[in-house]
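Geometric and topological summary
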Amino acid sequence: MPAIEFQSRNGLTLKGTIELPPGGIWRATAIFAHCFTCGSQVRAARTITSALAGTGFAVLRFDFTGLGESEGEFADTNFSSNLDDLEDAAAWLTEHYAAPQLLLGHSLGGSAALAVAERLDSVRAVATIGAPASPDHILKQFGTDLERIEESGSAEVDLAGRPFRIRKDFIDDARSHDLTERLHKLRRALLVMHAPHDRTVGIDNAEQIYTAALHPKSFISLDDADHLLSRRSDAQYAAQVVSAWAARFLEPETAPAPEGARVTGRTEDGFLCRVQAGPHEMVADEPKNNGGTNRGPDPYGLLASSLGACTVMTINMYARHKELPVERVTCEVTHRKVHAEDCEECETKSGKVDELVRHITIEGDLTDEQRQRMLQIAGRCPVHQTLKNEIRMHDELVE
């Protein structure tokens, strides 16, 4: 999770974080725009970007000008400057990683993502969470201070328990943006996510955004989540939905699928690895008690899974061929080290040997003879044969 910084067009240093997938190899890059005055380190932002990275995205989240660790005065910013910050962030991401294909914005950050998308040719999909249909919706948060700002030119406003200096040009700028026309010309896939009982930004905003946009567009209800996605499970769910939805519209940036398997891991990620087997992807890790983060099966778990999967496939294939009344096959595989002297059939007589035990359950109206025959067939599983036979391994260091 490297910390990054880049220069805005106004010469200010904006700071943020780039969340990378296991192995540091991504299928696409994305930018996350945080909610109004929130900053990039709020729980929802951290949870969403981390979860997206876990599904293969390299995700940049950063603090808008005047917020968090970024330079500048918040009083000097407005909705238009947020769009400029997002465009500058996209330029940095393009130079150092790859041009962003996905924009994801939360609350006013969602409105900003919708508005800036037309400036970024690389963006193929935009997703919003609890976004206002118009930037001037944010003015409702100012309450009675709004009139004071317009009369005095500026005023200090309490937002979520923190004081912020708001100027009249912020209000004028928010009112000057019309998202309806931009949505009609979006020409990107759109996902609108909103909680029906959002008390900060009403669900009618989601309806307005969805109605104004052309297809392809989708809507997902966030059920009983609050506006800030305070519950970790709500933020993780939102990220999982975005990842699954966006995959349909993005151009993968990963290397061609390997013939066998390709495993990649960054040293700083500990044991966490990204596993590619043909077009399929998953992660491997070690349990927490072994120093890992337990985000995926360990290597021996993968080995046991390979043997178990091959066993189930082989028995089911035999059952179909013989038209046997088999309903389901389950194979549980255990692995352990045993003393060679305790293994009568082992050629090795000293030290320890690996023992893999298959516990096979065959469901169906079968005779004992049929079950025993299928147990014999399990021995013909190709992976089982590979593990039993002599294995030759060659290592080659590739430049």
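The following paragraphs examine the structure supplied in this document. Please read all numbers here as calculations on a predicted model, not as lab measurements.

**Points about helix α4 (residues 145-152)**
Of all the residues in α4, the buried ones are D145, L146 and I149. Projected onto a plane normal to the axis of α4, the buried residues spread over an arc of 105° and lie on a single side. Exposed side of α4, more than 90 degrees from the buried face: E147, E151 and S152 are the residues found there. Lining the buried residues of α4 we find β7 (154-159), β8 (162-167) and α5 (168-176). Of the residues flanking the end of α4, it is G153, one or two places downstream, whose phi is positive at about 95°.

**Digging into unusual backbone geometry**
Of the consecutive residues H215 and P216, the connecting peptide bond is found in the cis state with omega at 5°. Its location among the elements puts P216 in the loop between α7 (203-212) and β10 (217-221). Look at R187: it is not a glycine, yet its phi comes out positive at around 55°. The topology assignment puts R187 in the loop between α6 (179-184) and β9 (189-194). Of note, L229 is a non-glycine position whose phi angle comes to about 50°, a positive value. By the element assignment, L229 lies in the loop between β10 and α8 (232-246). Overall, the relative accessible area of 2% leaves L229 in the buried class.

**Looking at the side chain of K217**
Structurally, K217 is set in strand β10. Here Y210 takes part through its backbone oxygen, which lies 2.8 Å from a polar atom of the side chain of K217. At a separation of 2.7 Å, a polar atom in the side chain of K217 contacts the main-chain carbonyl oxygen of A213. With residues up to four places along the chain from it excluded, the contact list for K217 reads L190, Y210 and T211.

Analysis parameters
- Residues numbered from 1 in each chain as written.
- Predicted model: local features only at pLDDT ≥ 70, side-chain atom pairs only at ≥ 80, totals over all residues.
- Heavy atoms only, no water.
- Buried < 20%, exposed > 50% of the residue type's maximum accessible area, 1.4 Å probe, protein only.
- Helix = DSSP H or I, 4+ residues; strand = E, 2+ residues; numbered from the N terminus.
- Arc of directions from axis to C-beta.
- Contact = heavy atoms within 4.5 Å.
- Polar contact = N/O pair within 3.5 Å; in protein donor to acceptor, adjacent residues only side chain to side chain.

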